[in-house]
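Here are the chains, one letter per residue:
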Amino acid sequence: MLKEKLRKKIDEHRPRTQELLKNHGNKVIDEVTIAQAIGGMRGVKCLVTDISYLDPNEGIRYRGYTLPEVFEKLPKPEGSEMPFVEGLFYLLLTGDIPGEDEIEEVVVEFKKRRVLPDYVYDVIDSFPSTAHPMAIFSSAIMSLSQESEFNRQYHKGISKMDYWESTYEDVINLLPKLPPMAAYIYAKLYKECVKPEPNPDLDFGGNFAHMMGVDKPYDDVSRMYFIIHADHESGNVSAHTGHLVASSLSDFYLTTSAMLNGLAGPLHGLANQEVLRWLQDARKQMEGKVPNEEEMKKFVWDTLDSGQVIPGFGHAVLRKTDPRYMIQREFALKHLKEDELFQYVDLLYKVVPPILKEQGKAKNPWPNVDSHSGIIQWHYGITNYDFYTVLFGIGRALGVAANIIWDRALLYPLERPKSLTTDMLEDLASKS
Ligand code: HAX
């Protein structure tokens with residue numbers, strides 16, 4: 001049983017954290033400069049997570065595995081190119097690559113729990129059709145907070161040591177509801193507003209594709225998306241918001257809603273929508289033809305000169321092409337090489353980095369995950385690009401879930417960094 005396995009892992013891990021706190025708590029990890037305090041805490045090492053680690057020059061590792069290793073090692077549904085999302089969840093939670101039986105357990109458990117209460121449909125329906133899908137998604141999730149097992153147990157007065165167990169229940173109650181919720185939001189906003197029926201035979205990713213009404217290989221696209229977007233260590237806005245909000249012992253529903261609100265900003269997850277908006281502008285300007293290199297360079301420079309960022313390029317930590325971009329590029333080269341928008345993205349991969357280098361501002365001129373993700377959706381008919389960040393959000397919830405369970409298991413306290421005033425910084429500056 002996954003929960004029992006997790007219990008064993010937690011029991012083994014707790015003394016490590018206690019030992020670090022008790023005997024090495026005063027060791028200095030890092031120092032903080034004025035530039036870091038004003039500049040969004042870039043590079044300040046003050047968070048702990050074992051779920052994933054982002055090396056600037058290598059990219060993300062989930063539980064020690066690079067993305068290509070994750071895709072190679074995790075079991076796949078029969079006839080699929082991409083692994084079970086349920087297997088990724090197992091890996092993030094336990095650190096172990098699951099076998100077929102272990103995946104089956106999660107698949108079965110998720111299927112049991114994926115039905116949405118009627119009131120969630122009412123919440124979604126109550127939004128105007130002009131609402132952004134991320135606002136609807138976040139609110140629909142928040143409305144489920146009344147189901148929280150953690151809240152029930154907390155009010156009974158359970159021990160801190162047991163907080164993770166009811167959080168785990170909230171996690172496995174919410175995660176499988178996200179794809180049906182997203183598919184219904186999609187149906188409400190862009191189709192004929194019919195509740196999509198799940199297919200009892202299908203896994204998390206396969207069932208999402210089914211509910212979206214898109215044929216193969218969109219099931220593999222969905223699995224790939226949810227896996228690559230799951231986690232990017234703890235400092236990014238969505239993961240960090242999840243950690244921060246959960247640290248006040250807010251339940252997993254409120255936590256997930258909050259982290260999605262952070263994801264919905266254009267410098268973070270919404271960049272995938274912005275990339276498509278930008279590409280459509282380019283397409284209009286090019287009057288439908290694929291631009292040549294010079295035309296594309298001009299379009300990129302025009303964007304920069306108008307004071308905008310190039311969406312999908314740059315990163316706060318990474319200093320190379322995002323491996324999540326490369327996984328998608330490989331998929332695109334195999335399945336949609338001739339697609340018009342892929343030609344655009346391919347050309348941008350060539351022209352943008354030298355331009356950003358020449359401009360000399362961005363520390364990382366290379367493409368990130370969001371540079372590629374929208375055009376694959378577009379290719380398979382999901383052309384309402386406002387919806388793309390919802391897909392990112394389903395994936396990100398998996399990583400946040402694993403982090404929150406472990407935060408609770410290791411008794412991480414309320415997060416509360418200290419602020420200073422500008423006077424204090426000026427005083428400090430005048431002395432050194
Ligand atoms: N286009 C133009 N300018 C860029 C740029 C880009 N793609 N990336 C960075 N810069 C600029 C910054 O705006 C900043 O300019 P100012 O000095 O005028 O403020 C300067 O270069 C230094 O920024 P940086 O240190 O390299 O980057 P940050 O850590 O501050 O920001 C961002 C990282 C991802 C927000 C940034 O690269 C950006 O805005 N990229 C475009 C939006 C985007 O793709 N976001 C998604 C990132 C991945 C992600 O989180 N997905 O969810």
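Refer to the structure presented above.
What counts, and where the lines are drawn
Residues numbered from 1 in each chain as written. Predicted model: local features only at pLDDT ≥ 70, side-chain atom pairs only at ≥ 80, totals over all residues. Heavy atoms only, no water. Pairing = 2+ DSSP bridges. Helix = DSSP H or I, 4+ residues; strand = E, 2+ residues; numbered from the N terminus. Near = heavy atom within 4 Å. Polar contact = N/O pair within 3.5 Å; in protein donor to acceptor, adjacent residues only side chain to side chain. Areas by Shrake-Rupley, 256 points an atom, 1.4 Å probe, with all protein chains shown as cover. Patch = residues over 30% accessible without salt bridge, like charges linked within 9 Å, V, L, I, M, F, W, Y side chains within 5 Å. Salt bridge = Lys/Arg side-chain N within 4 Å of Asp/Glu carboxyl O. Buried < 20%, exposed > 50% of the residue type's maximum accessible area, 1.4 Å probe, protein only. 1 Å grid on protein atoms, 1.4 Å probe; cavity = no way out; pocket = protein on both sides within 12 Å on 5 of 7 lines; lining within 4 Å. Points joined across faces, edges and corners; volume = space filled by probe spheres on them. Nonpolar A, V, L, I, M, F, W, Y, C, P; charged D, E, K, R; others polar. Axes fitted to C-alpha atoms, helices over the stretch in contact; angles between N-to-C directions. Parallel < 35°, antiparallel > 145°, perpendicular 65-115°, else oblique. Left-handed = near helix turned anticlockwise from the far one by under 90°. Contact = heavy atoms within 4.5 Å.

Student: Looking at this structure, I do not really get the pairing of strand β2 (residues 59-62). What am I missing?
Tutor: Each regular strand displays side chains that alternate between the two surfaces of the sheet. Judged from the four bridges that link them, strand β1 (residues 52-55) and β2 form a sheet pairing that is antiparallel. When the bridges of β2 are listed, aspartate 55 appears paired with glycine 59. Connecting β2 to the antiparallel partner strand β3 (residues 65-66) that follows it, the hairpin turn spans two residues, and arginine 63 within it adopts a positive phi of roughly 50°.

Student: What exactly am I supposed to notice about the site of the ligand here?
Tutor: Near the ligand there are 21 residues, and of these Ile310, Gly312, Phe313, Lys363 and Asp370 occur at the shortest range. Backbone polar atom of glycine 269 to an oxygen atom of the ligand: 3.4 Å apart, as the coordinates give it. A distance of 3.3 Å is found between an oxygen atom of the ligand and a backbone nitrogen or oxygen belonging to alanine 362. Taken by itself the ligand offers 900 Å² of open surface, and the protein chains cover 76% of this.

Student: Quick question: what am I supposed to make of a nonpolar patch on the surface here?
Tutor: Together, Ile34, Ile38 and Leu428 line one region of the surface with nonpolar side chains, adding up to about 290 Å² of accessible area. Note on placement: isoleucine 34 falls in helix α2 (residues 34-38). Judged by its relative accessible area of 31%, isoleucine 34 falls in the partly exposed class.

Student: Even after reading the chapter, I still don't get the pattern of salt bridges, so can you show me in this structure?
Tutor: Close approach of charged atoms lets side chains of opposite charge pair. Summed over the entire model, instances satisfying the criterion amount to 26 salt bridges. For glutamate 165, the salt bridge identified is with arginine 7, shortest N-O distance 2.5 Å. Of this pair, glutamate 165 sits in helix α9 (residues 163-174) while arginine 7 sits in helix α1 (residues 2-24), placing them 158 residues apart in sequence. Taking relative accessible area as the criterion, arginine 7 reaches 25% and is therefore assigned partly exposed. Of the charged contacts, one joins glutamate 58 and arginine 61 as a salt bridge, the two residues approaching to 2.8 Å between their closest N and O atoms. Exposure remark for arginine 61: the relative accessible area of 27% places this residue in the partly exposed category.

Student: Looking at this model, I keep getting lost on the layout of surface pockets. Mind explaining?
Tutor: Empty space among the atoms becomes visible once a probe the size of a water molecule is rolled across them. Approximately 290 Å³ is the volume found for the second largest pocket. Taken together, 20 residues form the lining of the second largest pocket, with Asp201, Leu202, Asp203, Gly206 and Arg223 sitting closest to its centre. Counting residues per element, the ones that place at least two in the lining of the second largest pocket are α5 (100-112), α11 (204-212) and α12 (218-228). A class-by-class count of the residues in the lining of the second largest pocket yields eight nonpolar, three polar and nine charged.

Student: Please explain the packing of helix α6 (residues 118-126) against helix α7 (residues 133-143) as it appears in this structure.
Tutor: Any two packed helices are characterised by the angle at which their axes cross and by the distance between the axes. Contact geometry for α6 and α7: axes closest at 9 Å, N-to-C directions at 150°. As judged from the angle between their axes, α6 and α7 are roughly antiparallel. Both α6 and α7 take part in a crossing whose hand is right-handed. Of the residues in α7, those in contact with Tyr119, Val120, Val123 and Ile124 of α6 are Ile136, Ser139, Ala140 and Ser143. Of the residues contributing to the contact of α6 with α7, the split by class is six nonpolar, two polar and no charged.

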